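Structural overview for review
Here is how the chains run, residue by residue.
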Amino acid sequence: MEIAQSRQKAAPGAFIAFARFVLFGGGVGLASSFAVAPLASSIPWALANALITVVSTLLATELHARFTFGAGRRATRRQHVQSAGSAAAGYAVTSVAMLVLQLLAATPGAVLQQIVYLSASALAGVARFAVLRLVVFARNRSQAAVPVRTARTVHATVARASAPAALAMLLRAA
């Protein structure tokens, strides 16, 4: 028991977790931006971007599971799916922001585009951090989801468990 408890790392505080989130997520994002161009020289850009996005999301989720949020172990399939969902939501936020900019300004300059994109990306990043910390990699999630057992639920559980035994006795008697 003590070994299992000593292996489980304490969850870092919000500030440390956010700093790690920026470091790992930003590092993967930066590496991804350098990887898209060479890949896009051999396949269509949209496909290259999609592939890099999938790989970078998988990598970032693993890093966040192991280091950012203090789990110290690999991410589960559920965590990967939830993380991908939060990344897709972030992509939608930045896409909508850029669409709105195009609707409001006929020919926005590069600086304005960068300001809008980076602002939307930062907003999506903060929201994604909150989702990852509070939902995807939340501690004691399974303990909080366990219902409180009362005499009534225990009785129902015992009744359900004894039903197969009663069925077996009837089959033997027949």
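Shown above is the structure to which this text applies.
Note that residues are indexed from 1 along each chain, following the sequence as it is written. Side-chain atom pairs in this predicted model are given and counted only at pLDDT of 80 or more, local residue features only at pLDDT of at least 70, and totals for whole chains, interfaces and linings cover all residues. As a convention, hydrogens and water are excluded, and side-chain values are obtained from all of the structure's heavy atoms.

**Structural notes on the overall build of the chain**
Spelled out, the test is: Counting from the N terminus, the helices are the DSSP runs of H or I reaching at least four residues and the strands are the DSSP runs of E reaching at least two. Between buried and exposed lies partly exposed: a residue is buried under 20% and exposed over 50% of the maximum accessible area for its type, with that area taken using a 1.4 Å probe on protein chains only. Pairs of residues are marked as contacts when any of their non-hydrogen atoms sit within 4.5 Å.
Scanning the chain from terminus to terminus reveals 7 helices and 0 strands. Along its sequence from the N terminus, the chain presents helices and strands in the succession α-α-α-α-α-α-α. Burial statistics for the chain: of 174 residues in total, 23% are counted as buried. A fraction of 64% describes how many contacts in the chain between residues 6 or more apart in sequence connect residues 24 or more apart.

**A look at the layout of surface pockets**
Once rolled over the atoms, a probe with the size of a water molecule shows which space is left empty. So the rule is basically this: Cavities and pockets are found on a 1 Å grid laid over the protein atoms alone: a cavity is a set of points where a 1.4 Å probe fits but cannot escape, a pocket is an open set with protein on both sides within 12 Å along at least five of seven lines, and a lining residue has an atom within 4 Å of such a point. Grid points are joined across faces, edges and corners, and a volume is the space filled by probe spheres set on the points. Each residue gets one label: Ala, Val, Leu, Ile, Met, Phe, Trp, Tyr, Cys and Pro are nonpolar, Asp, Glu, Lys and Arg are charged, and the others, such as Gly, are polar.
The space that makes up the largest pocket amounts to roughly 1400 Å³. At the level of elements, α2 (14-40), α3 (45-68), α4 (77-104) and α5 (110-136) are the ones that each hand at least two residues to the lining of the largest pocket. Looking at the lining of the largest pocket residue by residue, the classes come out as 23 nonpolar, 19 polar and 1 charged.

**Some remarks on the environment of Phe24**
Among the secondary structure elements, Phe24 is positioned in helix α2. For the pair Phe24 and Phe67, spaced 43 residues apart in sequence, the C-alpha separation works out to 8.8 Å. Those residues in contact with Phe24 that sit more than four places away from it in its chain are Leu63, His64, Phe67 and Thr68.

**Some remarks on the environment of Ser56**
For Ser56, the location among the structural elements is in helix α3. Take Ser56: its relative accessible area is 15%, and that puts it in the buried class. Taking C-alpha positions, Ser56 is 9.9 Å from Leu30, a pair spaced 26 residues apart along the chain. If sequence neighbours within four positions are ignored, Ser56 has contacts with Val28 and Ser32.

**Some remarks on the packing of aromatic side chains**
Put simply, the rule reads: The pairing test for Phe, Tyr and Trp rings, Trp by its six-membered ring, is centres within 6.5 Å, and the orientation test on the planes gives stacked under 30 degrees, edge-to-face over 60, and tilted for anything in between.
This model, assessed by the stated rule, comprises 6 aromatic pairs. Both rings, one in Phe18 and one in Phe21, keep their centres 6.3 Å apart while their planes meet at 25°; by these two values the pair is stacked. Linking Phe18 with Phe21, this pair stays in helix α2, spanning 3 residues, or about one helical turn. Here the aromatic residues Phe18, Phe21, Phe69, Phe129 and Phe137 are joined through ring pairs into a cluster of three or more.

**Remarks on the pattern of salt bridges**
Here the idea is simple: oppositely charged side chains can pair when their charged atoms come close. Filter applied, for reference: Put simply, a salt bridge is a Lys or Arg side-chain nitrogen that is within 4 Å of an Asp or Glu carboxyl oxygen.
Evaluation of the coordinates by the stated rule reveals 2 salt bridges. With its nearest N and O atoms 3.4 Å apart, the salt bridge here joins Glu62 to Arg66. Of this pair, Glu62 and Arg66 both sit in helix α3, separated by 4 residues, roughly a single helical turn. Put simply, Glu62 and Arg74 hold a salt bridge, and the shortest N to O gap is 3.7 Å. Here Glu62 is found in helix α3, whereas its partner Arg74 is found in the loop between α3 and α4, with 12 residues between them in sequence. Taking relative accessible area as the criterion, Glu62 reaches 13% and is therefore assigned buried. Residues joined in a network through salt bridges with shared partners are Glu62, Arg66 and Arg74.

**Structural notes on the nonpolar core**
Our working rule: For this analysis, a nonpolar core means a set of buried residues of the types Ala, Val, Leu, Ile, Met, Phe, Trp, Tyr and Cys, connected via side-chain atoms within 4.5 Å.
Formed by Ala17, Phe21, Ala65, Phe69, Ala75, Phe129, Leu132, Val136 and Phe137, the largest nonpolar core amounts to 9 residues. Where this core is concerned, the elements lending two or more residues are α2 and α5. Considering each element in turn, this core owes the most residues, 3 residues, to α5.

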